[in-house]
Amino acid sequence: MPKHEKNDVELIRTWTLSAAATMGSAVRAKGILQELQSRVPAASKKSLALDGSDIILAMPASEKSAFNAAAAVIAKAMEDVETLPVIPREIQDILTIKVGERQRWLADGRLPSAGTRTVRLNGRARRITFHIFDPKVVEDLLDRGAVDEWREEDAVAKAENRRKAAYQAKLTRSLKKAAKTKRASEEKSDEPASKLRGWEEFDIDGLLR
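Since the model is a prediction, treat every value here as computed from it, not as a measurement.

Draft legend 1. A look at unusual backbone geometry. Despite not being glycine, Met23 shows a phi value in the positive range, around 55 degrees. With respect to the helices and strands, Met23 occurs in the loop between α1 (19-22) and α2 (26-39). In this structure, Thr96 takes a positive phi of about 55 degrees despite not being glycine. Relative to the helices and strands, Thr96 is located in the loop between α4 (88-95) and α5 (99-107).

The structure is reproduced here in structure tokens:
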């Protein structure tokens, strides 16, 4: 709740986020709060706070018009809060996955993107673009334990890749050894005739005259 003196805060309204909206994630709840803050007038942003799963708007009685305006915006937004796109840090918390896993599964298509969003970092001119995800898809992945399946698939693929790499390394060593043996044999066969075993005796007999 915003830091106001008790006798100064007279206008309060609370909205409770459903389990379907947060999907059990405190990070998701905070993300929803930030989304709501971005929709209300700038002067009202600090009057909006999160307490557990409750969104609380608290303002002095002297700001009744601003309070009513902000409350109307929030009430409207709460109608479709469960359909708000899930952003990267939220999906990582909801599915309990790491950044690398999210990026890998997004790249290979197992984690479907619902598009991208570009935002400007607070106090900076630089913008960043990131993928967003459909909350229904995320909920489905969570319900059917897809992450566990994907991790098993990745473990099997990793083991197979290691086996192939070991075989390839062994094959490469064998080919190098065979090539070295062949070169040694060819170099030996190319020695001058005078150095071949028994050549002197063969020459004495005059068999080549």
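Next comes the rest of the account.
Draft legend 2. Main features of the layout of surface pockets. Its boundaries defined by the atoms lining it, the largest pocket holds a volume of some 710 Å³. Taken together, 21 residues line the largest pocket, and the ones lying closest to its centre are Gln34, Ile87, Arg89, Arg117 and Val119. Among the elements of the structure, α2, α4, β4 (116-120) and β5 (127-131) are those that each provide at least two residues to the lining of the largest pocket. Ranked by residues supplied to the lining of the largest pocket, first place goes to α2 with seven residues. Looking at the lining of the largest pocket, its residues break down into nine nonpolar, five polar and seven charged.

Draft legend 3. Up close: the pattern of salt bridges. Counted under the stated rule, the structure contains 10 salt bridges. With a shortest N-O distance of 3.0 Å, Asp140 and Arg144 are connected by a salt bridge. Looking at Arg144, the relative accessible area reads 43%, which means it is partly exposed.

About the cut-offs
Residues numbered from 1 in each chain as written. Predicted model: local features only at pLDDT ≥ 70, side-chain atom pairs only at ≥ 80, totals over all residues. Heavy atoms only, no water. Helix = DSSP H or I, 4+ residues; strand = E, 2+ residues; numbered from the N terminus. 1 Å grid on protein atoms, 1.4 Å probe; cavity = no way out; pocket = protein on both sides within 12 Å on 5 of 7 lines; lining within 4 Å. Points joined across faces, edges and corners; volume = space filled by probe spheres on them. Nonpolar A, V, L, I, M, F, W, Y, C, P; charged D, E, K, R; others polar. Salt bridge = Lys/Arg side-chain N within 4 Å of Asp/Glu carboxyl O. Buried < 20%, exposed > 50% of the residue type's maximum accessible area, 1.4 Å probe, protein only.

Keep in mind these values describe shape, not function.
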